[in-house]
Amino acid sequence: MKISELEKLNNEGAEHLPSEERRRFLQFGLAVTGVFLGGSVLSLTSARTAQGQVGPMGPVPPAGKFPYKPHYTMVMRQNRCIDCERCMEACVKTNQVPSYGYRTKILEQVRPLGQGESERVFMPVLCNQCNRPPCVRVCPTTATYKDKTNGIVMMDYKRCIGCKTCMAACPYNARYFKEENRAVDKCNFCIDTRLAKGETKTACAAACPAGVRIFGDLTDPGSEAYRLIHRPEKIVWVLRPETGAMPNVFYMND
Amino acid sequence: MNRGKKSVIVLCGLLLLAGGVAFAGPQKEEAYDESTYGPANPIIWTKPLKAVVFYHKTHTMGAGLSCDSCHDALFEMAAGTAQEKPDFTMDSLYKGKYCGACHDGNMAFASNTRCTTCHVGVKGYNRLTGADAKKSGKAGH
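Quick notes on the rules
- Residues numbered from 1 in each chain as written.
- Chains lettered and ligands numbered in written order.
- Predicted model: local features only at pLDDT ≥ 70, side-chain atom pairs only at ≥ 80, totals over all residues.
- Helix = DSSP H or I, 4+ residues; strand = E, 2+ residues; numbered from the N terminus.
- Buried ≥ 20, exposed ≤ 12 C-beta atoms within 10 Å, placed from the backbone.
- Contact = placed C-beta atoms within 7 Å.
- Arc of directions from axis to C-beta.
- Nonpolar A, V, L, I, M, F, W, Y, C, P; charged D, E, K, R; others polar.
- Core = buried A, V, L, I, M, F, W, Y, C linked by C-beta atoms within 7 Å.
- pLDDT = per-residue confidence, 0-100.
- Pairing = 2+ DSSP bridges.
- Axes fitted to C-alpha atoms, helices over the stretch in contact; angles between N-to-C directions.

## Here's the deal with the overall build of chain B
Now for step 1: The helix and strand tally for chain B stands at 8 helices and 2 strands.
Now for step 2: Ordering the α and β elements of chain B from the N terminus gives α-α-β-β-α-α-α-α-α-α.
Now for step 3: Per-residue burial over chain B gives 14% buried out of 141 residues.

Below is the structure:
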């Protein structure tokens with residue numbers, strides 16, 4: 001599912017939203033269904049729980065409440081990104097990404113500043129290794145799963161049947177179908193290609209010449225990543241928080 | 001009488017129009033003279049990383065600099081010579097070399113701010129050089 005295609009769809013508008021009673025009835029119905037299905041089916045999370053993620057710390061979970069150990073994260077100092085794409089080159093090389101695929105990308109925006117002026121903004125994106133990953137919920141074969149120790153969203157290529165439901169479910173467009181494997185491929189924070197070999201940074205973070213990508217462990221208060229997103233004077237944001245996926249890639253301007 | 005009035009009005013209108021053209025013309029767009037203001041095409045550096053863009057127009061016609069403001073003390077005339085030198089880095093700029101001679105926060109915005117004004121990235125490079133169009137023409141996926 002491409003974002004460019006989704007954008008072409010007509011906006012359905014708000015005038016046909018169901019009435020309050022209908023909503024309550026549906027909510028009840030969904031709650032009952034949720035009980036039967038163990039709350040494990042896509043989009044049965046009620047809006048209330050989804051909003052519950054934005055606490056006093058913004059999108060950053062309160063200290064001590066990180067579900068994994070190590071709890072890997074990446075902090076993007078977005079305004080430093082200049083789209084040199086060395087991260088993408090390093091990723092392709094390290095993780096055998098084919099020419100048509102990607103594990104990380106740089107998006108580009110033009111932000112108007114008024115008075116005819118504008119500035120370019122480059123936004124690095126990759127898998128957000130969500131705490132509540134929509135891709136994992138929809139996978140029919142459990143080929144994609146959360147690693148129980150470090151929370152990385154992993155792929156078991158042998159189990160993947162290539163149905164691409166995870167690609168449609170991912171709010172970040174972070175997955176692609178790899179012809180060579182006949183399976184979906186995605187960023188795994190270089191767990192197999194670098195972290196397992198004793199490296200402390202992902203390939204993209206190591207290749208970045210501008211210090212945009214700070215890879216680290218949120219359970220370690222001494223890590224740079226932890227320090228960066230726990231400064232009270234700084235605004236930290238995540239992409240698409242409304243999905244309730246609880247992403248682990250944080251954005252800020254330094 | 002009536003006819004005379006009409007022709008006067010028409011004449012006035014024509015004069016106004018002509019005046020408008022004559023006055024608005026040069027204000028809108030002064031012809032860009034390459035021998036005064038330097039090459040019209042952007043200078044694009046691709047080392048040490050892709051890519052940084054420089055427009056003579058912004059600096060000469062826009063900011064009022066002359067050729068010898070930068071040539072040959074900061075930059076040699078031949079385009080692309082700077083990027084062959086090992087010290088063509090942001091650190092050098094912070095020390096007042098190359099662009100950093102002016103981009104110090106006083107004369108022009110400091111080199112460690114507004115990165116994407118000059119750093120256009122691989123995407124900007126492809127747009128400027130037309131590599132995008134070539135690529136999409138070839139792609140048959």
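Next, the rest of the story.
## Remarks on the overall build of chain A
Now for step 1: Secondary structure summary: chain A contains 8 helices and 9 strands in total.
Now for step 2: Taking all 254 residues of chain A together, the buried fraction comes to 31%.
Now for step 3: When contacts within chain A are restricted to residue pairs at least 6 apart in sequence, long-range pairs at least 24 apart make up 61% of them.

## A word on helix 7 (residues 121-129) of chain B
Now for step 1: Along helix 7 of chain B, the residues classified as buried are G121, V122, G124 and Y125 of chain B. Around the axis of helix 7 of chain B, the buried residues are gathered within 160 degrees of arc, so they sit on the same side.
Now for step 2: Tucked inside the fold, the buried residues of helix 7 of chain B contact strand 3 (117-126) of chain A together with strand 1 (43-45) and strand 2 (52-54) of chain B.
Now for step 3: Remark: G130 of chain B follows helix 7 of chain B within two positions and exhibits a positive phi of approximately 75 degrees.

## What about the interface of chain A and chain B?
Now for step 1: Each partner contributes to the interface: chain A provides 14 residues, whereas chain B provides 9 residues.
Now for step 2: Ranked by the residues each element gives to the side of chain A that touches chain B, the list is headed by strand 3 of chain A, at 4 residues.
Now for step 3: Of the residues belonging to the side of chain A that touches chain B, the class tally is 6 nonpolar, 1 polar and 7 charged.

## Considerations on helix 4 (residues 86-95) of chain A
Residue and element names in this part refer to chain A.
Now for step 1: Among the residues of helix 4, those classed as buried are C87, M88, C91 and N95. Axial view of helix 4: buried residues confined to an arc of 95 degrees, hence all on one face.
Now for step 2: Tucked inside the fold, the buried residues of helix 4 contact strand 2 (104-114), strand 3, helix 7 (203-207) and strand 8 (213-217).

## Notes on the nonpolar core
Residues and elements named next belong to chain A.
Now for step 1: With 57 residues, the main nonpolar core has M74, V75, M76, A225 and F250 as its most contacted residues.
Now for step 2: When residues of this core are assigned to their parent elements, the largest contribution, 4 residues, is made by strand 1 (residues 72-77).
Now for step 3: When near neighbours in sequence (up to four residues on either side) are disregarded, M76 contacts P124, V212, R213, V249, F250 and Y251.

## Some points on the confidence of the model for chain A
Now for step 1: When pLDDT is averaged along chain A, the result is 87; 89% of the residues meet or exceed 70.
Now for step 2: Throughout residues 46-52 of chain A the model reports pLDDT below 50, and contacts reaching past four residues in sequence, or to other chains, amount to 4 contacts.

## With respect to the sheet that holds strand 8 of chain A
All names here are of chain A.
Now for step 1: If you trace the 3 strands from one edge of the open sheet to the other, you get 8-1-9, paired in mixed fashion. Single-partner strands in this sheet number two, and they are strand 8 and strand 9 (249-252). In this sheet, neighbouring strand axes are inclined to one another by 25 degrees on average, regardless of whether the strands run parallel or antiparallel.
Now for step 2: Here strand 1 runs beside strand 9; their pairing, made up of 4 bridges, is parallel. Each residue of the ladder has a partner; that of M74, found in strand 9, is V249.

## Some remarks on the environment of A79 of chain B
Now for step 1: Here A79 of chain B lies in the loop between helix 4 (67-70) and helix 5 (90-94).
Now for step 2: Considering only alpha carbons, one finds A79 of chain B and W45 of chain B, 34 residues apart in sequence, at a separation of 8.9 Å.

## Side note on the pairing of strand 2 of chain A
All names here are of chain A.
Now for step 1: By the bridge criterion, 10 bridges tie strand 2 to strand 3 in an arrangement that is antiparallel. Pairing of I106 across the sheet is with P124, part of strand 3.
Now for step 2: Turn length for the strand 2-strand 3 hairpin, with the two strands adjacent in sequence and antiparallel, is 2 residues, and the turn residue Q115 shows positive phi of about 55 degrees.

## Points about unusual backbone geometry
Now for step 1: A cis geometry characterises the amide bond from K50 of chain B onward to A51 of chain B, with omega recorded as -5 degrees.
Now for step 2: By the element assignment, A51 of chain B lies in the loop between strand 1 and strand 2.
Now for step 3: Of note, the bond from H71 of chain B into D72 of chain B is cis; its omega dihedral lies within 30 degrees of zero at -5 degrees.
Now for step 4: Within the element layout of this structure, D72 of chain B appears in the loop between helix 4 and helix 5.
Now for step 5: Located in the positive-phi region is K164 of chain A, a residue other than glycine, with phi close to 65 degrees.
Now for step 6: Tracing the sequence through the fold places K164 of chain A in the loop between strand 5 (153-155) and helix 6 (165-169).
Now for step 7: Its 14 C-beta neighbours within 10 Å are what place K164 of chain A among the partly exposed residues.
Now for step 8: One non-glycine residue, R240 of chain A, lies in the positive phi region at around 50 degrees.
Now for step 9: Position of R240 of chain A relative to the elements: it lies in the loop between helix 8 (224-229) and strand 9.

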